[in-house]
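What follows is each chain in one-letter form.
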Amino acid sequence: MENREKEVLKVSAIKNGTVLDHIPSEQLFRVIDILRLNLSTTPITFGMNLDSKSLKSKAIIKISDRFFEDDEINRIALIAPNASMNIIRNFEVIEKRVLSIPETITGIVRCINPVCVTNHQEIETKFHTYEKDGKIELHCHYCEKTTGLKNLKIITNDR
Amino acid sequence: MAKSLISIHDFSKEEILHILEVAREFEQNKSQTFLSDKVIACIFFEPSTRTRLSFETASNRLGARVIGFPDAGNTSVRKGESLKDTIKMVSNYADLIVMRHPLEGSARYASEVASVPVINAGDGANQHPTQTLLDLYSILQTQGTLENLTINMVGDLKYGRTVHSLLQAMSHFSPSFIFTAPEELKMPEEYKNFLSQKEIPYSETLDLNEHLKTTDILYMTRVQQERFTDPMEYERVKDTYRLTARLLEGVRDNMKVLHPLPRLTEIANDVDETPYAYYFKQAENGVYVRMAIIAYLLGKR
Ligand SMILES: [Zn+2]
C-alpha cells in the first residue's frame, strides 16, 4: 500500500478531478483516444512506464476538474480491464471505482471482418461483449463475427 | 421497428414451428391472393437467380406485386448511393423488402433503417435464414417430425453457412449430428462447443460410408475447389464425397438426401432416381416457406 502511494506521488497531485490508475503503459495513448482527452481544456498530467506490482509497467492519468459517467469510463475497460478510477475532491480520494466492461459497445472499435457492412458504409459500429475462457470477446451486432481483444482496432478521433 | 427476418436467431422455436405450419397450408393451397394490395420489393445487390425467382414466385402466388432489381448493375447504388438512402427510398414504395447483398451485416442494418419488414435473402457468407427454414420444412415433411433425428452433414462444414444455421436451428429439437468432412473443411470448434453446451451428441468422420445406415437426413453440400490450397487434395476429396445410388444400398427407408443446390459433382445423377433424393422437392418447398414468412411478417398469418 505504501509503495502504491509513492507511485502516485510521482505524478503531481490534483485538487479536484479524476485519477485513472493501473493502465498498461502500452495502452495509454489508446485510452487518451477513447476518452478524447486530446480535446480536453482542463489540466491533465500523464505518467507512463511506472513500476507496478500487478502490471509490467503502468500508466496514470490525472484529469483536473473532470468527472466521468460510468458509460463513458467503462469504454476503456476493453483495453485496460484492471484500471481503477479515483475521484478526487480537495486532494482526497472520495471514491474508488473498478471498471467493468459494458454489455454493448458502440462506436469505439472497428469490426475485424473486412466484408462487414460497417467497414464499407458510414455506420456506427456496435458490439455485444462476451466472456469466454476469462477473455473478453466482441460480437459484431451486424455481421455476427467475433473480434478478440488481441485484434482490437480502435477508431481514432482524427479518422 | 417492424419485425424482420435477418438471422435464424430472430425466430423462436414457436415462431419456427408456426412458419412451418403455415407453409404446409400454402403447399396444400398454392394460390391465395390475399396480398393483392401489397407491393414487395426484391432488391438484389448481387445476382442470385435461384433465390430471387423463389421469392418472386412466393410473392406472386400471394397476389402481391413485385418491384426491384436483380443486381446492382444499372442502379443508383452503382452511382454511389448509400445503402441507407436506397433502403429509405424503397421503404416508401414497398410494404416489405427482400434483400440480398454481398456485405455481411447489411441486412441487419437495412432492417434498422427500413420502416417495413426486411427479409434477408443472403448477406455475404453470414446468414440466409429462409434457406434454413426451407431445410427444416423439408425435414419435417419427410420425417413427420423434427424431434430426435440423426442429421448427417457432408462436405464443406467449415465455410458452409447453410450447415451452421441448420445446426443452430435444429438444436431446438434434440437431434444427433454426424459431421462427414475432409480435414480441411471440418466443422469449426465454436459450433461443436455450442452443441456440447446444449448436450447434443455429435460424431465426426472422414468416411462418407461410415454412418450412412444410421442417418435420417443426409445433408450434402458443395465442396468448392477454391477452398483448397492444394489442387491434388481437392481432386481426392471431391471423389471421396461423391454420393452414388450404390452407396445408398441398405440405408433407412425414411432416409432423405438434401442439398441446398446447385450441386457440383457430390451427388451422382443416378441418385436422382432413388426414393431417397429430395433436393428438387426441397427447392420447391422454398416457395411455400417464403410465402409463409412473407404472410407472417405482414401480420396475415
Ligand atoms: Zn462486423
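Since the model is a prediction, treat every value here as computed from it, not as a measurement.

1. So, the pairing of strand β2 (residues 65-69) of chain B
Residue and element names in this part refer to chain B.
Move 1: Pairing geometry for strand β1 (residues 39-44) and β2, over 5 bridges, is parallel. Looking across to β2, one finds that Ile 40 is bridged to Val 66.
Move 2: Handedness of the crossover joining β1 and β2 through helix α2 (residues 49-61) is recorded here as right-handed.

2. Details of the coordination of the zinc ion
All names here are of chain A.
Move 1: Of the protein atoms, only Cys 111 (SG), Cys 116 (SG), Cys 140 (SG) and Cys 143 (SG) coordinate the zinc ion, at distances of 2.3 to 2.4 Å.
Move 2: Each of the 4 donor atoms around the zinc ion contributes to a set of angles spanning 99 to 117°, which defines the coordination as tetrahedral.
Move 3: All donors of the zinc ion come from a single chain, and their spacing in sequence reads C-x4-C-x23-C-x2-C. Here Cys 111 is found in the loop between β7 (109-110) and β8 (126-132), whereas its partner Cys 140 is found in strand β9 (residues 135-140), with 29 residues between them in sequence.

3. Regarding the side chain of A:Thr129
Residues and elements named next belong to chain A.
Move 1: With respect to the helices and strands, Thr 129 occurs in strand β8.
Move 2: On the basis of relative accessibility, which here comes to 16%, the residue Thr 129 falls in the buried class.
Move 3: Not counting residues up to four positions away in its chain, the partners in contact with Thr 129 are Ile 101, Pro 102, Glu 103, Ile 105, Ile 136, Glu 137 and Leu 138.

4. What about the sheet that holds strand β6 (residues 104-106) of chain A?
All names here are of chain A.
Move 1: An order of β6-β8-β9-β10 is seen for the 4 strands of this open sheet, with the pairing classed as antiparallel. The open sheet has two edge strands, β6 and β10 (146-148), and neither has a second partner. Direction aside, the axes of adjacent strands within the sheet are offset by 35° on average.
Move 2: Examined bridge by bridge, β9 and β10 share 3 bridges and lie antiparallel to one another. Along β10, the bridge assignment pairs His 139 with Thr 146.

5. Quick look at the domain arrangement of chain B
Residue and element names in this part refer to chain B.
Move 1: What the domain assignment reports for chain B is domain 1 (31-127) and domain 2 (130-283).
Move 2: Look at where the C-alpha atoms of domain 1 and domain 2 centre, and you get two points 29 Å apart.
Move 3: Listed by partner, the interface residues are 11 residues for domain 1 and 5 residues for domain 2.
Move 4: Counting each side, the surface lost to burial between domain 1 and domain 2 is near 560 Å², with a carbon and sulfur contribution of 41%.
Move 5: Per-residue buried area on domain 1 facing domain 2 is highest for Arg 50, Ala 125 and Gln 127; these three make up 53% of the total on that side.
Move 6: Inspection of the region where domain 1 meets domain 2 yields 0 salt bridges.
Move 7: Taken together, the connections running from domain 1 to domain 2 amount to 1 residue pair in polar contact (both at pLDDT 80 or more).
Move 8: Among the elements of the structure, α2 and β4 (118-123) are those that each provide at least two residues to the side of domain 1 that touches domain 2.

6. Points about the packing of aromatic side chains
Move 1: In the structure shown here, the tally under the stated rule is 8 aromatic pairs over all chains.
Move 2: Seen from their ring centres, A:Tyr142 and B:Tyr109 are 6.1 Å apart, and the 70° between their planes marks the pair as edge-to-face. Highlighted residues: A:Tyr142 in the loop between β9 and β10 and B:Tyr109 in helix α4 (residues 106-113), drawn from two different chains. Each member of the pair, A:Tyr142 as well as B:Tyr109, is classed as buried.
Move 3: Clustering of aromatic rings is evident, with ring pairs tying together B:Phe177, B:Phe179 and B:Tyr202.

7. Some details on the sheet that holds strand β5 (residues 92-98) of chain A
What holds strands together in a sheet is hydrogen bonding between their backbones, with the strands either parallel or antiparallel.
Residue and element names in this part refer to chain A.
Move 1: Here we have 5 strands laid out as an open sheet, ordered β2-β3-β1-β4-β5, and antiparallel in their pairing. Pairing within the sheet leaves two strands with one partner each, and these edge strands are β2 (44-50) and β5. When strand polarity is set aside, the average angle formed by the axes of neighbouring strands in this sheet is 15°.
Move 2: Strand direction decides the pairing type here: β2 and strand β3 (residues 58-64), joined by 5 bridges, are antiparallel. From the neighbouring strand, Thr 45 faces β3, where its bridge partner is Lys 62.

8. So, the environment of A:Glu131
Move 1: Topologically, A:Glu131 is positioned in strand β8.
Move 2: On a C-alpha basis, the gap between A:Glu131 and A:Gln27 in space is 21 Å, while along the polypeptide they are 104 residues apart.

9. Points about the packing of helix α1 (residues 13-28) of chain B against helix α5 (residues 129-143) of chain B
Residue and element names in this part refer to chain B.
Move 1: Two elements in contact, α1 and α5, have axes whose closest approach is 10 Å; the angle formed by their N-to-C orientations is 70°. Our classification of the angle between α1 and α5 gives roughly perpendicular. Crossing handedness for the pair α1 and α5: right-handed. Residue-level contacts link Ile 16, Leu 20, Ala 23, Arg 24 and Glu 27 of α1 to Leu 133, Leu 136, Tyr 137, Leu 140 and Gln 141 of α5.
Move 2: Looking at the contact of α1 with α5, its residues break down into 7 nonpolar, 1 polar and 2 charged.

10. Let's talk about the domain arrangement of chain A
Residue and element names in this part refer to chain A.
Move 1: Split by domain assignment, chain A resolves into domain 1 (2-98) and domain 2 (104-154).
Move 2: Listed as interface residues are 5 residues of domain 1 and, on the opposing side, 8 residues of domain 2.
Move 3: Summing both sides of the interface, domain 1 and domain 2 together bury roughly 620 Å²; the carbon and sulfur share of this comes to 77%.
Move 4: Together, Arg 30, Arg 75 and Leu 78 form the three largest contributors to the area buried by domain 1 at its contact with domain 2, with a combined 77%.
Move 5: Seen at the junction of domain 1 and domain 2, the total is 0 salt bridges.
Move 6: Inspection of the domain 1/domain 2 interface yields 0 residue pairs in polar contact (both at pLDDT 80 or more).

11. Let's talk about the environment of B:Glu183
Move 1: Position of B:Glu183 among the secondary structure elements: in the loop between β6 (176-180) and α7 (189-197).
Move 2: Classification of B:Glu183 by relative accessible area gives exposed; the value is 53%.

Calculation notes
Residues numbered from 1 in each chain as written. Chains lettered and ligands numbered in written order. Predicted model: local features only at pLDDT ≥ 70, side-chain atom pairs only at ≥ 80, totals over all residues. Heavy atoms only, no water. Pairing = 2+ DSSP bridges. Helix = DSSP H or I, 4+ residues; strand = E, 2+ residues; numbered from the N terminus. Right-handed = clockwise from strand over helix to strand, strands pointing away. Donors = N, O, S within 2.8 Å, 3.2 Å for Na, K, Ca; no water. Tetrahedral: all angles 85-135°; square planar, octahedral: opposite > 155°, others 65-115°. Buried < 20%, exposed > 50% of the residue type's maximum accessible area, 1.4 Å probe, protein only. Contact = heavy atoms within 4.5 Å. Axes fitted to C-alpha atoms, helices over the stretch in contact; angles between N-to-C directions. Domains from an automatic or database assignment. Buried area = accessible area lost by both parts, 1.4 Å probe. Salt bridge = Lys/Arg side-chain N within 4 Å of Asp/Glu carboxyl O. Polar contact = N/O pair within 3.5 Å; in protein donor to acceptor, adjacent residues only side chain to side chain. Phe/Tyr/Trp six-rings, centres within 6.5 Å; stacked < 30°, edge-to-face > 60°. Parallel < 35°, antiparallel > 145°, perpendicular 65-115°, else oblique. Left-handed = near helix turned anticlockwise from the far one by under 90°. Nonpolar A, V, L, I, M, F, W, Y, C, P; charged D, E, K, R; others polar.

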